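Here is how the chains run, residue by residue.
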Amino acid sequence: MVNFREYKIGARFFGLALGGSMTITLFMPSFDLRNVNATEVALDKQLWAGHESGFSLDDPFLTGEHRPVRVTLKVDPKTGQPMASTVAYVYPAGTPLPNGVDHPDNLGNIVEQLSRDKGRIGEATKSQGAVFLLSSEPQGDGSKQFYIENASATKGWNPEEVMKAAGDENTYHASYGKAIFVREGCWWCHTLLPEETQDWQVFGAPPMLGDFNGESPTAFGSDRKAPDILHVGSRNSSREWMMLHFFNPRLVQPHSIMPRFDYLWGPVDDKGQKIDFDKWRAEYNEYVDGKRVTPPEVPMYASNSDARALIDFVLSLK
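Residues numbered from 1 in each chain as written. Predicted model: local features only at pLDDT ≥ 70, side-chain atom pairs only at ≥ 80, totals over all residues. Heavy atoms only, no water.

**Focus: the pairing of strand 4 (residues 144-150)**
We count it as follows: For each residue, the accessible area found with a 1.4 Å probe, counting protein chains only, is set against the maximum for its type, and the residue is called buried under 20%, exposed over 50%, and partly exposed in between. Secondary structure follows DSSP: runs of H or I at least 4 residues long count as helices, runs of E at least 2 residues long count as strands, and numbering of each begins at the N terminus. Paired strands, as defined in this entry, are two strands with at least two bridges between them according to DSSP.
Taken across its seven residues, strand 4 has six buried, putting it largely inside the fold. Sheet analysis places strand 3 (residues 130-138) next to strand 4, joined by seven bridges and oriented antiparallel. Within strand 4, the residue paired with Leu134 across the bridge is Ile148.

Here it is as structure tokens:
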């Protein structure tokens, strides 16, 4: 019988691969990933994104219903007195609470204990709504351990007061913006996961394991046909540039293959005037053909438009 050396090598490699896969299948589940403490990034993401930022029973058609908002406070909601700029996460009554509040064991042991004991997250209810803060506790090594604080319990803040104190100009609809990101299929081309290669130099460092506690969905994407945008808000924080880019990407990138998202503006602009899309596109074609020196002006989006929410989400990615 002929002794095939290649056969032996192939059989051994097959055995090694099979053994490795079985080890992963049987051994890896013995690790409890819930013991990984949520990072500051993870806590911030789940607080502005909410319980579910994709399809859900609370917002089955991704129309922005039952979404939390992120606000920046410059006055105390109770007294109206000036205060240091503070970021708060507002959950109006009926809005599902974030995963870390509903399932605090997913925060990791240390973060869970601080969020329960100091943050009083157990007192938050969906029916009454709540306001959350991202707080920190100094550690012995000089670092900070972040946790969720229920400001409705610790400070007596309620959602209505906080929204009024912040005002529309300091309110960010990033949660609904992420739902639009999912709904419009942006993740088909853009990833939210830089790789540990030369991506570091271009798109920024890849995320850490604890950055995903409580996030659903992660919207990593499956194929990169366009730049990774996990840190895009740090690379480009211009709201005006983003507005041009979404209305017609060719305004800022002449050879872009990205489709237009001008329909996210809705029927009217920020002044309530009807947007004439046909006229705008005709004038833009004249600009492309060299018949105009400048492109037509992009209309400012209305405060309740899908465009505003999507831009809020993209600029939150830092």
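And the narrative resumes.
**Quick look at the packing of helix 10 (residues 239-247) against helix 12 (residues 306-316)**
This is how the line gets drawn: Helix axes use the C-alpha atoms of the stretch in contact, all axes being lines fitted to C-alpha atoms, and the angles between their N-to-C directions lie in the range 0 to 180 degrees. Comment on the angle field: the value is read as roughly parallel under 35 degrees, roughly antiparallel over 145, roughly perpendicular from 65 to 115, and oblique elsewhere. Left-handed describes a crossing whose near helix is turned anticlockwise from the far helix through less than a right angle; right-handed describes the clockwise counterpart. Should any heavy atoms of two residues lie within 4.5 Å, those residues are counted as being in contact. Amino acids are sorted into nonpolar (Ala, Val, Leu, Ile, Met, Phe, Trp, Tyr, Cys and Pro), charged (Asp, Glu, Lys and Arg) and polar (every other residue, Gly among them).
Between helix 10 and helix 12, the least distance of the axes is 10 Å, while the angle of their chain directions is 125°. Relative to helix 12, helix 10 is oriented oblique. For helix 10 against helix 12, the interelement crossing comes out right-handed. For the pair formed by helix 10 and helix 12, the contact residues are Arg239, Met242, Met243 and Phe246 on the first element and Arg308, Leu310, Ile311, Asp312, Val314 and Leu315 on the second. For the contact of helix 10 with helix 12, the per-class residue count stands at seven nonpolar, no polar and three charged.

**What about the pattern of salt bridges?**
In a structure, side chains of opposite charge can pair up when their charged atoms sit close to one another. Definition in use: We count a salt bridge whenever a side-chain nitrogen from Lys or Arg sits within 4 Å of a carboxyl oxygen from Asp or Glu.
The tally for this structure, following the rule as stated, stands at 19 salt bridges. A salt bridge links Glu161 to Lys78; its shortest N-O distance comes to 3.4 Å. A residue pair is termed long-range when its members are at least 10 positions apart, and Glu161 in helix 6 (residues 159-166) and Lys78 in the loop between strand 1 (69-75) and strand 2 (82-91) qualify at 83 residues. Residue classification places Glu161 among the partly exposed positions, given a relative accessible area of 26%. With a relative accessible area of 46%, Lys78 lands in the partly exposed category. We note a salt bridge from Arg308 to Asp312, for which the minimum N-O separation is 3.7 Å.

**What to know about the nonpolar core**
The test is simple: Residues belong to one nonpolar core when they are buried, are Ala, Val, Leu, Ile, Met, Phe, Trp, Tyr or Cys, and are joined through side-chain atoms within 4.5 Å.
Core analysis: the largest hydrophobic core is formed by 54 residues, its most contacted members being Phe132, Ile148, Phe181, Phe246, Trp265 and Leu310. Here the element with the most residues in this core is helix 12; it accounts for seven residues. Phe246 has contacts with Met258, Arg260, Phe261, Asp262, Trp265, Leu310, Ile311 and Val314, leaving out every residue within four places of it along the chain. Val69, Val71, Val131 and Leu133 belong to the second largest nonpolar core, which has eleven residues in total.

**Re the side chain of Gln46**
For clarity, the threshold we go by: Side-chain atoms alone can form a polar contact between residues adjacent in sequence; in general such a contact is a pair of N or O atoms within 3.5 Å, and within protein one must be able to donate a hydrogen while the other accepts it.
Note on placement: Gln46 falls in helix 2 (residues 40-49). Looking at Gln46, the relative accessible area reads 1%, which means it is buried. At a separation of 2.6 Å, a polar atom in the side chain of Gln46 contacts the main-chain amide nitrogen of Gly100. Apart from residues lying up to four places away in sequence, Gln46 is in contact with Tyr91, Pro98, Asn99, Gly100, Leu107, Ile148, Asn213 and Gly214.

**Re helix 12**
Of all eleven residues in helix 12, ten are buried, a share of seventy percent or more. Residues Asp306, Ala307, Arg308, Ala309, Leu310, Ile311, Asp312, Phe313, Val314 and Leu315 constitute the buried set of helix 12. On its buried side, helix 12 packs onto helix 2, strand 5 (171-172), helix 7 (174-183), helix 9 (232-235) and helix 10.

**Some thoughts on the sheet that holds strand 1**
Pairing in this open sheet of five strands is antiparallel, and the strands run 4-3-2-1-5 from one edge to the other. The open sheet has two edge strands with one neighbour each: strand 4 and strand 5. Across three bridges, strand 2 lies against strand 3 in antiparallel orientation. In the strand pairing of strand 3, Val90 is matched with Val131.

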